[in-house]
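Fold and geometry: a report
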Amino acid sequence: MEERGWPYRRRQPEGTVLYEAVRENLATLLAEASDVGRGLPRYVERDFARYLECGVLVHGFARVRCESCKDELLIAFSCKGRGVCPSCNAKRAQVTAVHLVERVLPHVPYRK
């Protein structure tokens, strides 16, 4: 059987500089924001917390198995956030662009 597409590679957000910076400094940011005033809005705190769980297997995953070759993959859940997570932001931007091109904009050539 011919293999199609690219092999799945799990992204590893916990190995990125942004993830490390948020993980190491989030408690300090929240404490200082609380000391200065009312603190950060709850949705900002929630987005940061979800970002730290996004794409990390210990926070949840789906097990997917190919019926023909019986190969299994673990696919980590994503946060689907809009503010902090670069991976979910890129996915949302791509989905929005496809929607605009296929359903909203007229079918004419566009400059990129």
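The structure reproduced in this document is the subject of the present report. (Residues numbered from 1 in each chain as written. Predicted model: local features only at pLDDT ≥ 70, side-chain atom pairs only at ≥ 80, totals over all residues. Heavy atoms only, no water.)

In this sheet, strand E2 (residues 72-76) lies alongside strand E1 (residues 61-65) in antiparallel orientation, the contact comprising 5 bridges. For Val64, the partnering residue across the bridge sits in E2 and is Leu73. Hairpin connection from E1 to E2: 6 residues lie between these consecutive antiparallel strands, with Lys70 at a positive phi of about 65 degrees. (Pairing = 2+ DSSP bridges. Helix = DSSP H or I, 4+ residues; strand = E, 2+ residues; numbered from the N terminus.)

Between helix H1 (residues 17-36) and helix H2 (residues 42-53), the shortest axis-to-axis distance is 10 Å and the interhelical angle comes to 145 degrees. Crossing of H1 against H2: the hand is left-handed. Mapping the contact onto sequence places Leu18, Tyr19, Val22, Arg23, Leu26, Leu29 and Leu30 in H1 and Glu45, Phe48, Tyr51 and Leu52 in H2. Class assignment of the residues belonging to the contact of H1 with H2 gives a composition of 9 nonpolar, no polar and 2 charged. (Axes fitted to C-alpha atoms, helices over the stretch in contact; angles between N-to-C directions. Left-handed = near helix turned anticlockwise from the far one by under 90°. Contact = heavy atoms within 4.5 Å. Nonpolar A, V, L, I, M, F, W, Y, C, P; charged D, E, K, R; others polar.)

For the structure shown, the criterion picks out 6 salt bridges. The salt bridge partner of Arg23 is Glu20, with a shortest N-O separation of 2.5 Å. Here Glu20 and Arg23 lie together in helix H1, a separation of 3 residues that amounts to about one turn. When its relative accessible area of 25% is taken as the criterion, Glu20 is described as partly exposed. Of the charged contacts in the structure, one is a salt bridge between Glu72 and Arg63, with a shortest N-O distance of 3.1 Å. Judged by relative accessible area, Glu72 falls into the partly exposed class, the value being 38%. With relative accessibility at 54%, the residue Arg63 sits in the exposed group. Through salt bridges with shared partners, a single network forms among Glu20, Arg23 and Glu24. (Salt bridge = Lys/Arg side-chain N within 4 Å of Asp/Glu carboxyl O. Buried < 20%, exposed > 50% of the residue type's maximum accessible area, 1.4 Å probe, protein only.)

Structurally, Asp47 is set in helix H2. Buried and without a salt bridge, Asp47 has Arg46 as its closest oppositely charged side chain, separated by 4.7 Å. (Lys, Arg positive; Asp, Glu negative; His and termini not counted.)

Interpretation in functional terms is not warranted from these geometric data alone.
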